[in-house]
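Observations on the model geometry
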Amino acid sequence: MPSNTFFEIEKMQAVYQRRLGKEERAHVHTYYTIIFVIEGAGTHLLDFKRYALLDRQVYFIAPNQTHQIQEKGVPVGWAIKFSEDFLIENQIDSAFISDINLFREFNASPPISLSEEVSGSLNSLANQLSVMASKPKMKFKTQTLGALLKLFLIECYNACVLPVDPDFGQTSTRMELLKQFKGLILENYQKEHKVMYYAGQLAITPDHLNKTVKSLLGITAKDYIQSILLVMAKRQLLHTRMNAKEVSYTLGFAEPSHFAHFFKKHTSLSPAEFTKTYNA
């Protein structure tokens, strides 16, 4: 089990060989993970969304996200893991992680596809990280790893940034509102499911909140709240010993029947059928 402050980097091919090529089960980590695929084939399940595993990709996995890689053959690339305490120790604060928007606690985003040039640059940084991590008595080792990791993240961020919006001022205001909305949901989703509640906390109308979320995420505020409830329900059903009734109360549903209806509406499976399918 990793310590509170830790950083690890390993080649994907070493991870694959350690498993003897056997398929891993869907699982969660309490730390951040970056999967940098230089060459690969297969699929990657991230918070119950399945993506094709392809050459020159980077995946960002936040703590507590469900994650499973199914390779077809030996992959080439890097697995980088680090704790939140490692970030804090290296003055990489939560605002930086939030602003680059690469790690998302819910609603996993597709991987970043890289150009050959950017992939080569990231591979060079990963090699430097690996060399530095292997030096047991190096002075300022943690600070060096932190600086290289931050460069790696910035390079990834720049690889996926869209051209500057001519209405950047308005976009920036909307992004700040969205950030506040997401923060409120993380604090209150276990008891508050209504758009009106979150709009009231933000001192705006539900219509304004819906339009803002829709303009940035392509879905309504209600859809976003429900997507978080659904992901949390799946995680708890799969990774805890709670039954559907217990999960329903944990997530703030008045009755287990309401939760069962909600879950089946969005997945076409009952909670029991979902658990059985993934455990199989």
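Below is a short write-up of the structure. Bear in mind the structure is a predicted one, so any value in this text is a computation, not a measurement. (Residues numbered from 1 in each chain as written. Predicted model: local features only at pLDDT ≥ 70, side-chain atom pairs only at ≥ 80, totals over all residues. Heavy atoms only, no water.)

**Points about the packing of helix α9 (residues 221-239) against helix α12 (residues 271-279)**
One way to put it is that α9 packs onto α12 with a least axis distance of 10 Å and a crossing angle of 60°. Here α9 lies oblique to α12, going by the angle between them. With respect to the hand of their crossing, α9 and α12 are arranged in right-handed fashion. In this structure, α9 uses Lys-234, Leu-237 and Leu-238 to contact α12, whose residues at the interface are Pro-271, Phe-274, Thr-275, Tyr-278 and Asn-279. Partitioned by chemical class, the residues of the contact of α9 with α12 number 5 nonpolar, 2 polar and 1 charged. (Axes fitted to C-alpha atoms, helices over the stretch in contact; angles between N-to-C directions. Helix = DSSP H or I, 4+ residues; strand = E, 2+ residues; numbered from the N terminus. Parallel < 35°, antiparallel > 145°, perpendicular 65-115°, else oblique. Left-handed = near helix turned anticlockwise from the far one by under 90°. Contact = heavy atoms within 4.5 Å. Nonpolar A, V, L, I, M, F, W, Y, C, P; charged D, E, K, R; others polar.)

**Regarding the sheet that holds strand β3 (residues 42-46)**
Sheets are built from strands paired through backbone hydrogen bonds, the pairs being either parallel or antiparallel. Strand order in the open sheet formed by 3 strands is β4-β3-β6, with antiparallel pairing between adjacent strands. Where the open sheet ends on each side, the last strands, each with one partner, are β4 (49-53) and β6 (67-71). The average angle at which neighbouring strand axes cross in this sheet is 20°, direction not considered. Here 5 bridges tie β3 to β6, and the two strands are oriented antiparallel to one another. Each residue of the ladder has a partner; that of Leu-45, found in β6, is Gln-68. (Pairing = 2+ DSSP bridges.)

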